[in-house]
Amino acid sequence: MVQFNFKGITVVPSGKEMVDIILSRTQRQTPTVVHKGYAINRLRQFYMRKVRFTQQNFHNKLTTIVDGFPRLEGIHPFYSDLLHVLYNKDHYKLALGQVNTARNLISKIAKDYVRLLKYGDSLYRCKCLKVAALGRMCTVIKRIGPSLAYLEQVRQHMARLPSIDPNMRTILICGYPNVGKSSFMNKITRADVDVQPYAFTTKSLFVGHTDYNYLRYQVIDTPGILDRPFEDRNIIEMCSITALAHLRSAVLFFLDISGSCGYTVAQQAALFHSIKSLFLNKPLMIVCNKIDLQQLNALSEDDKRLVDEMKAEALKTLPIGGDPNAEQQVLVTMSTLTDEGVIKVRNTACERILDQRVEIKMKSKKINDCLNRFHVAMPKPRDGKERPVCIPQQVLEQRAKDQEAEKEKEERKLEKDLENENGGAGVYSASLKKHYLLANDEWKEDIIPEIIDGHNVADFMDPDILERLEELEREEGVRLAGEEGDDFEIDGDNMMPEEREALNEIRKRKKALIQEHRIKKSTAESRPIVPRKFDKDRQFTTKRMGRQLSGLGLDPSKAIERARSQSVSGRGRKRERSVASDGAGDDGMEIDNEGKGCNKKLRLRSVSRSRSRSRAPVEEVIPGEGFKDKEQKVKAIKLGKKSVKKRNKDARKGEADRVILNMMPKHLFSGKRGIGKTSRR
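The name given to the protein in an unreviewed UniProt entry is Nucleolar GTP-binding protein 1, with the source organism recorded as Rhynchospora breviuscula. Taken from UniProt, the Sequence similarities (unreviewed entry) comment for the protein reads in full: "Belongs to the TRAFAC class OBG-HflX-like GTPase superfamily. OBG GTPase family. NOG subfamily." In its Subcellular location (unreviewed entry) section, the UniProt record describing the protein reads: "Nucleus, Nucleolus".

A. Highlighting empty space enclosed by the protein. Taken as a whole and judged by the stated rule, the model has two cavities of 30 Å³ or more. Put simply, the largest cavity is a space of about 60 Å³. If you trace the largest cavity, you find it lined by N167, M168, R169, T170, R248, S249, I353, Q356, R357 and I360. It is helix α11 (residues 342–363) that provides the largest number of residues to the lining of the largest cavity, a total of four residues. Residue composition of the lining of the largest cavity, by class: three nonpolar, four polar and three charged.

B. Molecular detail of the side chain of T54. Looking at the element boundaries, T54 is found in helix α2 (residues 40–68). Residue classification places T54 among the buried residues on the basis of a relative accessible area of 0%. If sequence neighbours within four positions are ignored, T54 has contacts with I22, L23, T26, L134 and M137.

C. A look at helix α7 (residues 181–188). Along α7, the residues that are buried comprise K181, S182, F184, M185 and I188. Axial view of α7: buried residues confined to an arc of 160°, hence all on one face. Residues of α7 that are buried sit in contact with β1 (170–175), β2 (206–212), β3 (215–221), β4 (250–256) and α11.

D. Expanded view of the sheet that holds β4. Reading across the sheet, the six strands line up as β2-β3-β1-β4-β5-β6 and stay open at both edges, with mixed pairing between neighbours. On the outer flanks of this sheet lie β2 and β6 (331–333), each paired with one strand and no other. Taking each pair of neighbouring strands and ignoring which way they run, the sheet shows an average axis angle of 25°. Bridging between β4 and strand β5 (residues 284–289) involves six bridges; their strand directions are parallel. What sits directly across from D256, in β5, is N289.

E. Main features of the nonpolar core. Of all hydrophobic cores here, the largest spans 109 residues; its most connected members are F69, F253 and F279. In terms of residue count, the dominant contributor to this core is helix α4 (residues 89–117) (11 residues). Those residues in contact with F253, other than ones at most four positions away along the chain, are C174, G175, Q268, L271, F272, I275, F279, M285, I286, V287 and M310.

F. The arrangement of a negative patch on the surface in detail. A surface patch of like charges, here negative, comprises D402, E404, E406, E408, E410 and E411. Residue placement: E406 occurs in helix α13 (residues 393–411).

G. Representation of the pairing of β1. Of all the six residues making up β1, six are buried; the element is thus mostly covered by neighbouring parts of the structure. Residues T170, L172 and C174 line one face of β1 and the alternating positions I171, I173 and G175 line the opposite face, and both faces are buried. The pairing of β1 with β3 spans four bridges and is classified as parallel. Bridge pairing links I173 to D221 in β3.

H. Representation of unusual backbone geometry. A positive phi angle, near 65°, is found at N178, a position not held by glycine. Its location among the elements puts N178 in the loop between β1 and α7. Of note in the backbone geometry, Y214 takes a positive phi value of approximately 65° without being a glycine. Looking at the secondary structure, you find Y214 in the loop between β2 and β3. For Y214, a relative accessible area of 86% puts it in the exposed group.

I. Representation of the packing of aromatic side chains in the model. With the rule as written, the count across this model stands at 10 aromatic pairs. Seen from their ring centres, F6 and Y79 are 5.3 Å apart, and the 90° between their planes marks the pair as edge-to-face. Residue F6 is found in the segment before α1 (15–29), and its partner Y79 is found in helix α3 (residues 77–87); the two are separated by 73 residues along the sequence. Since its relative accessible area comes to 9%, F6 is described here as buried. Consider the rings of F253 and F272, whose centres lie 5.2 Å apart with planes at 70°: the pair is edge-to-face. Pair noted here: F253 is in strand β4 and F272 is in helix α9 (residues 265–274), with a separation of 19 residues, a long-range link. These aromatic residues form a ring-pair network of at least three members: F6, F78 and Y79. Here the basic side chain of R42 rests over the ring of Y38, its NZ or CZ set 3.4 Å away from the ring centre. The ring centre of Y217 lies 5.6 Å from the NZ or CZ of R169, which sits over that ring.

Calculation notes
- Every chain is numbered on its own, with residues counted from 1 as its sequence reads.
- pLDDT decides what is reported in this predicted model: residues at 70 or higher carry local features, side-chain atom pairs at 80 or more are listed and counted, and totals for whole chains, interfaces and linings draw on all residues regardless.
- Just so you know, side-chain values use all the structure's heavy atoms and leave hydrogens and water out.
- UniProt positions are given in the numbering used here, feature names are shortened, and annotations may be inferred rather than shown by experiment.
- Residues are called lining when one of their atoms sits within 4 Å of a cavity or pocket point, these points coming from a 1 Å grid over the protein atoms alone, where a cavity is a set in which a 1.4 Å probe fits but cannot get out and a pocket is an open set with protein on both sides within 12 Å along at least five of seven lines.
- Grid points are joined across faces, edges and corners, and a volume is the space filled by probe spheres set on the points.
- Helix and strand labels come from DSSP, where a helix needs a run of H or I of at least four residues and a strand needs a run of E of at least two; each type is numbered from the N terminus.
- Each residue gets one label: Ala, Val, Leu, Ile, Met, Phe, Trp, Tyr, Cys and Pro are nonpolar, Asp, Glu, Lys and Arg are charged, and the others, such as Gly, are polar.
- For each residue, the accessible area found with a 1.4 Å probe, counting protein chains only, is set against the maximum for its type, and the residue is called buried under 20%, exposed over 50%, and partly exposed in between.
- The criterion used for residue contact is that any of the two residues' heavy atoms lie within 4.5 Å.
- Starting at the helix axis, one direction is taken to each C-beta atom, and the arc is that of these directions.
- Any two strands with at least two DSSP-identified bridges between them are counted as paired.
- Only C-alpha atoms enter the line fits that serve as axes; for helices the fit covers just the stretch in contact. Angles between N-to-C directions range over 0 to 180 degrees.
- What makes a nonpolar core is a set of buried Ala, Val, Leu, Ile, Met, Phe, Trp, Tyr and Cys residues whose side-chain atoms join them at distances within 4.5 Å.
- Each patch groups residues whose relative accessible area exceeds 30% and which form no salt bridge, using 9 Å between like charges and 5 Å between nonpolar side chains of Val, Leu, Ile, Met, Phe, Trp and Tyr.
- For the area figures, the Shrake-Rupley method with a 1.4 Å probe applies, and any residue is considered shielded solely by the protein chains shown.
- Note on definitions: salt bridges are taken to be side-chain nitrogens of Lys or Arg within 4 Å of carboxyl oxygens of Asp or Glu.
- For the purpose of charge, His is not counted, nor are the chain termini; Lys and Arg are scored as positive and Asp and Glu as negative.
- Think of each charge as sitting on NZ of Lys, CZ of Arg, CG of Asp or CD of Glu.
- Planes of paired rings set the category: under 30 degrees apart is stacked, over 60 is edge-to-face and the rest tilted, where pairs are Phe, Tyr or Trp rings (Trp by its six-membered ring) whose centres lie within 6.5 Å.
- Counting as a charge over the ring demands two things of the Lys NZ or Arg CZ atom: a distance within 6 Å of the ring centre and an angle within 35 degrees of the ring normal.

Laid out in structure tokens, this is it:
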């Protein structure tokens with residue numbers, strides 16, 4: 001089933017918006033850095049790429065617009081004529097043609113300027129050709145600005161059109177304005193069409209859906225039609241005419257016999273005869289609405305005659321040799337106010353649609369091919385002997401078992417049934433013991449004793465439980481005694497009074513140390529390195545460190561010298577010359593430290609830093625680098641230089657280069673323009 005839905009057409013930007021979009025994309029997605037020192041071939045390629053990229057973006061954008069709109073020759077005639085009524089087919093084709101022409105012109109401009117750029121002899125010449133190419137492309141886009149604006153309006157209107165399937169089972173409602181078409185539509189479908197007591201409330205086609213006999217039907221409400229020449233009808237009326245002309249459906253012509261719509265029965269009959277050519281080969285029904293105000297039998301003779309004439313025209317749409325009572329299906333009455341006859345009209349219309357579809361299929365050529373495949377066999381008795389039905393014995397046994405199981409299921413009482421029989425909820429208490437699995441069913445209701453002879457039954461489940469408990473207590477005592485023996489603790493019973501006092505002092509000191517350690521553990525003092533900003537009270541000094549190391553029996557001089565050499569306060573002092581090493585040779589022993597020129601002699605005889613600490617060759621293999629030998633390292637260095645040679649030559653950025661993402665294009669967010677600069681380009 002084909003669904004015609006124009007909501008998927010892409011948005012059409014205006015000319016200025018399209019230029020900004022494409023040029024912004026060109027600026028962001030093509031290289032932007034070029035120097036006059038580059039080779040001329042590289043300069044040409046740089047600007048040719050920009051021209052080609054811009055042309056390709058324009059081509060893709062315009063192609064999406066042209067292909068997104070439907071071709072009037074490739075869609076259903078109903079939609080083709082509807083678009084012609086709403087938007088003027090010539091104007092619609094002209095706008096799409098201009099967009100297509102602009103696409104071809106841009107391709108030709110890009111081709112010409114790429115050819116000229118191949119012969120550009122300088123950076124200035126190539127840049128001028130690029131600017132001219134992009135400028136001509138933008139001029140072409142700006143010229144088709146009105147066409148793009150028209151296509152955008154058409155797209156927005158087409159997106160609001162109802163999704164009508166011309167091949168679906170359809171009920172079409174037509175007639176004069178204000179005769180009850182929209183009210184009937186709201187009754188039989190879930191559509192919400194506006195209903196007002198004045199003419200032309202419905203100004204476009206509305207679609208709803210209803211179900212009948214498990215089949216989906218499409219109901220279309222059309223705007224009201226007036227009886228006037230074809231040329232004088234407006235767009236609203238032409239929508240109804242288009243639907244009547246092209247949709248294969250059952251037509252319900254609504255007739256207001258009360259005249260409350262503002263039009264007489266004669267005027268409505270004249271409209272019927274003027275558009276009856278559109279009803280050919282379609283099931284037609286005359287629906288007399290508003291019978292709550294005027295009954296059909298109470299009409300005047302002239303009005304009855306007009307209704308009979310319309311009924312005679314509708315009878316011509318019935319299939320030949322159809323139902324003899326089908327005349328009652330042509331003229332029906334109803335009232336949307338009281339809902340009288342509404343469902344009958346709906347059902348009758350659906351039946352007429354099904355009958356017509358069956359008739360069309362029976363007249364097609366395919367039905368002969370299908371009927372040749374069917375053969376209906378009618379058996380005839382060959383003799384007077386009776387042959388009863390033979391049912392296998394296993395089937396009969398299975399049926400008997402199933403019947404017994406059903407009887408048991410019916411006879412079995414549930415807890416709910418027992419509850420209802422014994423007083424209901426709150427009175428009846430379900431027994432949980434009746435499902436116990438015991439050797440004797442009589443034991444189920446026995447009361448289980450908890451205390452016998454003043455003792456708890458649960459304590460005497462094992463007769464030797466007391467002996468086992470004593471064994472466990474003995475094992476626990478032995479285990480605890482072993483653990484106490486593992487931890488050596490001095491016993492003060494066999495000590496002298498002086499020794500006992502010393503032991504108590506030791507234990508107090510031990511407890512105090514443990515407590516102090518626990519306190520220090522949760523403070524900053526436990527940290528090995530204390531920054532200067534935390535030592536505001538100067539508690540952690542070299543003097544204190546010397547006293548502590550001396551108290552431990554260690555020489556604190558080296559530790560103090562090292563702390564002073566690494567201290568921050570030593571940065572401002574002059575660097576002292578290091579003492580000559582033992583490996584300085586005999587020359588170092590001849591230096592007179594007490595002489596005035598000792599510093600000068602030291603400077604003259606000292607080895608230069610650059611020579612004494614020279615770097616190792618690059619090719620030398622250092623353990624841990626992952627190279628097998630010197631040759632492998634040299635080869636890896638050459639491959640690394642070769643891989644970045646082209647990138648460095650083209651001045652392209654690499655992995656280690658600094659990247660600043662251009663989140664906001666400058667040409668779109670450049671701020672306020674200066675005086676005299678009204679256009680950016």
